[in-house]
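Each chain, letter by letter, is given below.
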Amino acid sequence: MQLTQQTPDLSAYLAADEAIDHTHPLVRETAARLTKNVADSYAYACAAYEFVRDTVPHSADSGDPRVTWRASDVLEQKTGICHAKAHALAALLRAEDIPTALCYQRLLHDDGSGFVVHGLVAVRLDGAWHRQDPRGNKPGVDAQFRLDGERLAWIPDTAAGEVDYPELHASPHPSVLASLQQAADRPQLWDTLPTGLSATR
């Protein structure tokens, strides 16, 4: 799949916004801690990825009803769904001047009852974009940080109607962000997350 930047301006993928708030002190402190004992941008990106993947439980796995969406809140509260964890990873990477995009997949629910939009990131290293999924591993899911071929949580089944969206978003998709911001708890969020995405500009 050919990934496509939503905007040609690479600086947009370094910007802070209300969800990817990488100017927040907690994000900066976390980034500074992760930069210790790493040799280069690749090592930092891998460390930040593993930190978000492994130390922030996915709220559906842990049973946490709280909904987070702002990167600093994800890091403070140590909980979030895939989209929130993607915001946190994007903030940590952008804090160290690594261009990072948000990207999405349309996947079937585990029980096959319908579709839901799944969130991940793409990091720009070695002159190219590479998608990474910090959702968090569990039985049947073994996502890894890779530049030499994707190792995501899921590979969409196009025959079943699942979709890999090629767009690289500089900011969260409006419909995803609205669902996160308006949900009182995770059960409500499950009912309001979009089942697919329209193009945004």
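Structure: above.
Right, let's walk through the structure included here. (Residues numbered from 1 in each chain as written. Predicted model: local features only at pLDDT ≥ 70, side-chain atom pairs only at ≥ 80, totals over all residues. Heavy atoms only, no water.)

## Description of the environment of Tyr 104
Thinking step 1. Positionally, Tyr 104 belongs in strand 2 (residues 100-108).
Thinking step 2. With a relative accessible area of 2%, Tyr 104 lands in the buried category.
Thinking step 3. When the C-alpha positions of Tyr 104 and Val 163 are compared, they lie 8.6 Å apart, and in sequence the two are 59 residues distant.
Thinking step 4. Each residue touching Tyr 104, except ones within four places of it in the same chain, is listed here: His 83, Val 117, His 118, Gly 119, Leu 120, Asp 164, Tyr 165, His 169, Pro 172, His 173, Val 176 and Leu 197.
Thinking step 5. Of the polar contacts made by the side chain of Tyr 104, one reaches the backbone nitrogen of His 173; its length is 3.0 Å. (Helix = DSSP H or I, 4+ residues; strand = E, 2+ residues; numbered from the N terminus. Buried < 20%, exposed > 50% of the residue type's maximum accessible area, 1.4 Å probe, protein only. Contact = heavy atoms within 4.5 Å. Polar contact = N/O pair within 3.5 Å; in protein donor to acceptor, adjacent residues only side chain to side chain.)

## Quick look at the pairing of strand 3 (residues 115-125)
Thinking step 1. In terms of burial, strand 3 is a largely internal element, 9 of the 11 residues being buried.
Thinking step 2. As paired elements, strand 2 and strand 3 share 9 bridges and run antiparallel to each other. Along strand 3, the bridge assignment pairs Tyr 104 with Gly 119.
Thinking step 3. Here strand 2 hands over to strand 3 after 6 residues, with Gly 112 in that stretch at a positive phi of 75 degrees. (Pairing = 2+ DSSP bridges.)

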